[in-house]
Amino acid sequence: MKLTPIHTLEGHESLINSCSFSKDGNLIVSSSADGTVRLWHARNGDQIAAFEGHDGGMVQSCAFVPAGCKIQKSPCASDIDTSDDDSDEDPDQPLVISASDEDIKVWGVHDGKEKASMLLDCDGMLQGFALSPDGSKVLSNMDDQCIILSTIRGKEAVTLEGHEGAAKSFCFSKDGSEILTSSTDGSVKLWDTDTGDEIRSFEGHTKSVWKASFSPNNDLILSCSADKSLRLWDRATAKEVAKFEHKSPIHLSAFSDNGRWIASASRDKEIRIWDAEEKKQMNILTGHKNFIWNIQFSPDSMLLLSTSSDGAMMLWAMPTGKLVATLTGHTEGVKSCSFSPKGNALVSSSHDNTLNLWNISGCYYPLYVKEMATFLDNRNKKFMPSAVYLIIAEYTWPDCMEELEIEEEYAPETSVIEESFTPVQRRRIKSCKF
């Protein structure tokens, strides 16, 4: 299947480094080397606002701040110095956070005003940031090995000291209580978010560790390295539980949201899929002709997206590794991409100065047919895959759920109900208007 974008979002005047959907899927935020952060409507691709004011020319990254963190009367309110006297006119408005080479800023989505700004007391250039799940804390790193944990405004800053090389990745655990970092010194370290103290170190890699991440249930740590190995660690004991290998240095790795699959990409342009439970390789995905820049699982773990430096984008079915679709539209490298919350759409940002919006709902239909066949084959085992519960209309674009006529409590036309299988309550879609 070949897909072309439904909308091309134009407005940035230089390469685009980052893009992301809002939690409700209605908005998109992007950041660029032109020094701006821009807000877009996800339905039609129209630009809503442009935020300007960063000290550094290159805006590296951006994200929507979790709804629980507000400018006023919130867990992080006491640490935010607002830039405008009237900032409390809309204290519940959504917020966007962005980072340039030199500073981090928070913006109001509704009024477009700068709400907070932080300059880090560290030498070197800012490389990026990570937000805690509740939005109250920010983790940032500089190219001089400095890793800083602070409130969203930069107060109560703590430097995480322990690595002997530059940090290559950093993230919060799902509950926000712990921080994970990896470094060019070959180590992965776990830290306490409240104190900034090191909890334990994961040793075994012999070269730079490019990325480390938590498993969805927080029990395992995944790391990939220039030593061509991908390793799984027990988070509680720091014991290595599995080791996988590529033929070349591995620079990308990711867990699927269901925790079952692992994807990794190396400099040999290969993507490998691993079974996290069985600790074995499932498939090798080939097709990219240039350096792979990004790999990302869909929210339901049924698809894997990969992008490369030549603008190629590919969608693969999990866990078979079958190529489902190629997405053609960018003329230069695709640096960042984001699935919509439902997984029915994608936004991608490129060095060609544009963002593309994609409808990928059609990619799911054959996957759900296969899921339904599996369900029918195993119905006497009380087996009900989660995909069966999903209504296909929720994967259409644009979202038409509000316009559906729904017949409540629809049940299959059968007079016999097997003891081993009781049909769940379902809804029948009678019509859908666009």
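Everything quoted here is computed from the prediction, not taken from an experiment.

Draft legend 1. Focus on the overall build of the chain. Helices and strands together make up the secondary structure of the chain, namely one helix and 35 strands. Counting the 434 residues in the chain, one finds 51% classified as buried. At a minimum sequence separation of 6, the contacts of the chain that also span at least 24 residues come to 47%. Surface accessibility of the chain: about 19600 Å² in total, with carbon and sulfur atoms responsible for 45%.

Draft legend 2. Spatial organisation of unusual backbone geometry. The peptide bond linking M318 to P319 adopts the cis configuration, its omega dihedral lying at 0 degrees. Mapped onto the fold, P319 is located in the loop between strand 29 (313-317) and strand 30 (323-327). Of note, the phi angle at K279 is positive, near 60 degrees, even though the residue is not glycine. As for its position among the elements, K279 is in the loop between strand 25 (271-275) and strand 26 (280-285). Phi at S301 is positive, roughly 70 degrees, even though this residue is not glycine. Tracing the chain through its elements places S301 in the loop between strand 27 (292-297) and strand 28 (303-308).

Draft legend 3. Structural view of the environment of L232. Looking at the element boundaries, L232 is found in strand 21 (residues 229-234). Placed 11 residues apart in sequence, L232 and K243 show a C-alpha to C-alpha distance of 6.4 Å.

Draft legend 4. Focus on the pattern of salt bridges. Under the counting rule described, the total for this entry stands at 14 salt bridges. E198 is the salt-bridge partner of K189, the closest N and O atoms lying 3.3 Å from each other. One salt bridge in this structure joins E270 and R272, with 3.0 Å as the shortest N-O distance. Both residues of the pair, E270 and R272, belong to the buried class. Taken together, the shared-partner salt bridges in this structure form one network comprising D103, K105 and E114.

Draft legend 5. Spotlight on the sheet that holds strand 12 (residues 137-142). Taken together, the four strands give an open sheet; going across it, the order is 11-12-13-14, and neighbouring strands pair in antiparallel fashion. Of all the strands in the sheet, the pair left with one neighbour each is strand 11 (126-131) and strand 14 (158-159).

Draft legend 6. How the structure looks around the packing of aromatic side chains. Applying the stated criterion across every chain yields a total of three aromatic pairs. For the ring pair F51 and W107, a centre distance of 5.3 Å and an interplane angle of 10 degrees mean the geometry is stacked. With a gap of 56 residues between them, F51 in strand 6 (residues 47-52) and W107 in strand 9 (residues 103-108) connect regions that are remote in the sequence. The pair F51 / W107 is uniform in exposure class, with both members buried. Consider the rings of F244 and W274, whose centres lie 4.5 Å apart with planes at 25 degrees: the pair is stacked. Taken together, the positions of F244 in strand 22 (residues 240-245) and W274 in strand 25 put the pair 30 residues apart, joining distant regions of the chain. Taken as a pair, F244 and W274 share a single burial class, namely buried.

Draft legend 7. Layout of the confidence of the model for the chain. Here the chain shows a mean pLDDT of 82. Residues at 70 or above account for 77%. The low-confidence segment residues 71-87 (pLDDT under 50) makes 43 contacts with residues lying over four places distant or belonging to another chain. Low pLDDT, under 50, characterises residues 380-434; the stretch is placed with 89 contacts to residues that sit more than four places away or in other chains.

Draft legend 8. Broad picture of the sheet that holds strand 7 (residues 59-65). Taken in spatial order, the four strands line up as 7-8-9-10 in an open sheet, and their pairing is antiparallel. Edge positions in the sheet fall to strand 7 and strand 10 (114-119), since each has one partner strand and no second. Strand-to-strand twist in this sheet, taken as the mean axis angle between neighbours without regard to direction, amounts to 15 degrees. Relative to strand 8 (residues 95-100), strand 7 is paired through six bridges, and the arrangement is antiparallel. Looking at the pairing, F64 lines up with V96 of strand 8.

Draft legend 9. Representation of the side chain of S61 in the model. Along the chain, S61 turns up in strand 7. Apart from the residues lying within four places of it in its own chain, the contact partners of S61 are S18, S31, I97, S98, A99, G128 and F129.

Draft legend 10. Up close: the environment of C363. Residue position: C363 is located in the loop between strand 33 (355-359) and helix 1 (365-377). A sequence separation of 61 residues divides C363 from M302, and the C-alpha atoms of the two residues are 9.9 Å apart. When residues no more than four places from it in sequence are discounted, the contact partners of C363 are M1, L3, L303, L315, V324 and A325.

Draft legend 11. Focus on the environment of I104. Structurally, I104 is set in strand 9. Accessibility expressed as a relative area gives 1% for I104, which makes it buried. Those residues in contact with I104 that lie beyond four places of it in its chain are H54, I97, S98, A99, A116, S117, M118, L126, F129, V138 and S140.

Conventions used here
Residues numbered from 1 in each chain as written. Predicted model: local features only at pLDDT ≥ 70, side-chain atom pairs only at ≥ 80, totals over all residues. Heavy atoms only, no water. Helix = DSSP H or I, 4+ residues; strand = E, 2+ residues; numbered from the N terminus. Buried < 20%, exposed > 50% of the residue type's maximum accessible area, 1.4 Å probe, protein only. Contact = heavy atoms within 4.5 Å. Areas by Shrake-Rupley, 256 points an atom, 1.4 Å probe, with all protein chains shown as cover. Salt bridge = Lys/Arg side-chain N within 4 Å of Asp/Glu carboxyl O. Pairing = 2+ DSSP bridges. Phe/Tyr/Trp six-rings, centres within 6.5 Å; stacked < 30°, edge-to-face > 60°. pLDDT = per-residue confidence, 0-100. Axes fitted to C-alpha atoms, helices over the stretch in contact; angles between N-to-C directions.

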